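Structural overview for review
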Amino acid sequence: MACGFALNSILVTGGCGFVGSAFVRYVVREHPGVHVTVLDALTYAGNPQNIACLPRNRAELVVGDVCDAKLVRDLVAKADAVVHFAAETHNDRSIADPAPFVKTNVEGTFTLIEACRQLDVRYHHVSTDEVFGDLPLDSPARFTEESAYRPSSPYSSSKAAADMLVRAWVRTYGLRATISICSNNYGLYQHVEKFIPRQITNLIDGARPKLYGDGRHVRDWIHVEDHSSAVWQILTRGCVGETYLIGADGERDNLSVLRELLRAFGRDGDDFDWVRDRAGHDRRYAIDNSKLRRLGWTPTHTDFSSGLADTIAWYKAHEDWWRPAKEATEALYREREGGARGGCCG
Ligand code: NAD
Ligand code: TDX
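Every chain begins its residue count from 1, and numbering advances along the sequence as written. Chain A is the first chain written and ligand 1 is the first ligand written, with later ones labelled in order. Reporting in this predicted model follows two pLDDT cut-offs: at least 70 for local features of residues, and 80 or more for side-chain atom pairs to be given and counted; totals over whole chains, interfaces and linings ignore these cut-offs and use all residues. Hydrogens and water molecules were not included; the side-chain quantities draw on all heavy atoms of the structure.

In this description a helix means any DSSP run of H or I spanning at least four residues, a strand means any run of E spanning at least two, and both kinds are numbered starting from the N terminus. Of regular secondary structure, the chain possesses 11 helices and 13 strands. Taken against the 2.2 N^0.38 rule, which gives 20 Å for 346 residues, the C-alpha radius of gyration of the chain at 19 Å falls within 12% of a compact globule. Counting only C-alpha atoms and orienting by the principal axes, one finds that the chain spans roughly 55 × 45 × 35 Å. Of all 346 residues assigned to the chain, the portion counted as buried reaches 58%. In what follows, a contact means two residues having at least one pair of non-hydrogen atoms within 4.5 Å. Here the contacts in the chain between residues at least 6 apart in sequence split such that 82% fall between residues at least 24 apart. Surface exposure here means Shrake-Rupley accessible area, sampled with a 1.4 Å probe, where a residue is shielded only by the protein chains that are shown. For the chain, the exposed surface amounts to about 14,100 Å²; the carbon and sulfur share of it is 50%. In this tally Asp and Glu are treated as negative and Lys and Arg as positive; neither His nor the chain ends contributes. Where a charge lies is defined by one atom per residue type, namely NZ (Lys), CZ (Arg), CG (Asp) and CD (Glu). The positive charge centre, built from 41 side chains, and the negative charge centre, built from 46, are 1 Å apart in the chain. With C-alpha atoms as the basis for the radius of gyration, the globule rule is written as 2.2 Å multiplied by the number of residues raised to the power 0.38. Only protein chains enter the accessibility calculation, which uses a 1.4 Å probe; a residue is then buried when its area is under 20% of its type maximum, exposed when over 50%, and partly exposed in between.

Now the structure itself:
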């Protein structure tokens, strides 16, 4: 399988979301010869402000759906490569209403890979470590490229289904594709529904953070900038047909992360609410990133405390960005949590 790839023009789906927009900003900043076309449906999670600072001659936004086969084909025809971030991404939403997850994550991926195979365009698929299900708390095991797919939630099963389509298109049609599987991202521009921004914005508002279950669930945190550089490395240096795991050795349990946030706001370590656990809540994720390191990638934002401090500072300075989504997000959470107490103290 061929390694190494040069490009002038890329199509990035979901480029107005958290991770996709970080990638677009990264490419515009680090790779001046590359033009980016963003295809984004601007769902509740997409915000054009995330890329508004970029020059129009470098990054152009097309508002549309990845399930729109004609639009997708027209855009793929103009690109040297496609990087597919667009997805429905929140586990809690997927439990409440799985339909959009199957539609966007499975049918959207199908639409893109069909266009890429018909036009013979290089395709990079962005996936998540949640496709592997979870690991026990009391074991040093980590996910590798050989781990079995065992997704737990409607979200992760729709992502796993999409990965399977890509793998089959590689083998059957020779689609020139790579897949990356990343752990939990944190950083600027993350929607306030997700764990870290939800708690930061609660603390800014003087409200109590919310912790699910017993708080011992472990996530392997990576800064979104490191995810961007890893995707670029795989897109340009990765071997077609291969899957690469992305992670930065950042395992932390939710209670420790929450206590670090409370400390940063000068609040007592117990000043939060235990709330009802997520159904099917995965216990632990952990990534073995050896294969990607062998490809020449190393994470640079490895000081989690300093990354978290920068993230807090950004949310404090950008209330205009997150405020419009906050109340509606908390209203959804109030419905989900229904006043119930958590598994630990409830
Ligand atoms: P996000 O929810 O912040 O953004 C998703 C983006 O996709 C939004 O801009 C939204 O408008 C767009 N979108 C949704 N449906 C669409 C459709 N039908 N057509 C076109 N655009 C559509 O998500 P994110 O956290 O940035 O995640 C991006 C990708 O990275 C996803 O594929 C996700 O599975 C993967 N990923 C995320 C993380 C993480 O921690 N955030 C970790 C690993 C992998
Ligand atoms: O209020 C909360 N309290 C809480 O304890 C929220 C919103 C979450 N949690 C817990 C649940 C998880 O154990 O925090 C952890 C992180 O939750 P999320 O931010 O919802 O992330 P997670 O479910 O781990 O999935 C994330 O990482 C992988 C992204 O949302 C996915 O899109 C990505 O694929």
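Let us look at empty space enclosed by the protein. In the cavity and pocket records, a cavity denotes points on a 1 Å grid over the protein atoms alone where a 1.4 Å probe fits but cannot get out, a pocket denotes an open set with protein on both sides within 12 Å along at least 5 of 7 lines, and lining residues are residues with an atom within 4 Å of a point. Grid points are joined across faces, edges and corners, and a volume is the space filled by probe spheres set on the points. Scanning the model with the defined rule gives 1 cavity of 30 Å³ or more in all. Here the largest cavity is characterised by a volume of approximately 60 Å³. Grouping the constituent residues of the lining of the largest cavity by class yields 2 nonpolar, 5 polar and 4 charged. Side-chain classes are defined by residue name, with Ala, Val, Leu, Ile, Met, Phe, Trp, Tyr, Cys and Pro counting as nonpolar, Asp, Glu, Lys and Arg as charged, and the others, Gly among them, as polar.

It is worth spelling out the site of ligand 2 at this point. Looking at ligand 2, there are 22 residues lining it, with Glu130, Tyr155, Arg219, Arg278 and His281 nearest. Nitrogen and oxygen atoms within 3.5 Å of one another constitute a polar contact, given that in protein one can donate a hydrogen and the other can accept it, and given that sequence-neighbouring residues count only through two side-chain atoms. A distance of 3.1 Å separates an oxygen atom of ligand 2 from a polar atom in the side chain of Gln199. Protein contacts shield 94% of the accessible area of ligand 2, which totals 650 Å² for the unbound molecule. Listing elements by their share of the shell around ligand 2, those giving two or more residues are helix H6 (195-204) and strand S8 (210-212). Among the residues forming the shell around ligand 2, the class breakdown is 6 nonpolar, 9 polar and 7 charged. In this text, near means that some heavy atom of the residue lies within 4 Å of the molecule or strand in question.

Among the 29 residues in the neighbourhood of ligand 1, the closest are listed as Val19, Asp40, Thr89, Tyr155 and Lys159. Backbone polar atom of Gly17 to an oxygen atom of ligand 1: 2.9 Å apart, as the coordinates give it. Within the side chain of Asp40, a nitrogen or oxygen atom sits 2.6 Å from an oxygen atom of ligand 1. Burial of ligand 1 by the protein chains amounts to 96% of its free accessible area of 830 Å². Elements supplying a minimum of two residues to the shell around ligand 1: helix H1 (18-30), strand S5 (122-128) and helix H5 (154-173). Of the residues in the shell around ligand 1, the class split is 13 nonpolar, 13 polar and 3 charged.

Here the focus is the sheet that holds strand S4 (residues 81-84). The strand order across the open sheet formed by 7 strands is S3-S2-S1-S4-S5-S6-S11, and the pairing between neighbours is parallel. Across the chains shown, the open sheet's two edge strands, defined by having one partner strand only, are strand S3 (59-63) and strand S11 (243-246). Going across the sheet, the axis of each strand differs from the next one's by a mean of 20°, ignoring polarity. Strands are treated as partners if at least two bridges between them are detected by DSSP. With 4 bridges joining them, strand S6 (residues 177-182) and S11 adopt parallel strand pairing. The partner of Ile181 across the bridge, within S11, is Leu245. Between the N-to-C directions of two axes lies an angle of 0 to 180 degrees, each axis being a line fitted to C-alpha atoms and, for a helix, fitted only over the stretch in contact. In the packing of helix H7 (residues 224-237) onto the sheet, the strands contacted are S4, S5, S6 and S11, and the crossing angle to S5 comes to about 145°.

Think of a ball as big as a water molecule: rolled over the atoms, this probe shows where empty space is left. Here the second largest pocket is characterised by a volume of approximately 380 Å³. Contributing to the lining of the second largest pocket are 20 residues, with Asp92, Arg93, Ala96, Leu332 and Arg336 lying nearest its centre. For the lining of the second largest pocket, the secondary structure elements donating two or more residues are helix H3 (91-96), helix H4 (99-119) and helix H11 (319-337). Of all the elements, H11 adds the most residues to the lining of the second largest pocket, at 5 residues. Tallied by class, residues from the lining of the second largest pocket come to 8 nonpolar, 2 polar and 10 charged.

Our next topic: the packing of H6 against helix H10 (residues 304-317). Between H6 and H10, the least distance of the axes is 10 Å, while the angle of their chain directions is 55°. Taken together, H6 and H10 sit at an angle that is classed as oblique. Here H6 and H10 pass one another in a crossing that is right-handed. Residues Ile196, Pro197, Ile200, Thr201 and Ile204 of H6 form the contact with H10, whose own contacting residues are Phe304, Leu308, Thr311, Ile312, Tyr315 and Lys316. For the contact of H6 with H10, a count of residues per class yields 8 nonpolar, 2 polar and 1 charged. In these notes the angle categories are as follows: under 35 degrees is roughly parallel, over 145 is roughly antiparallel, 65 to 115 is roughly perpendicular, and the rest is oblique. Working rule for handedness: look at the near helix, and if it is turned counterclockwise from the far one by less than a right angle, call the crossing left-handed; if clockwise, right-handed.

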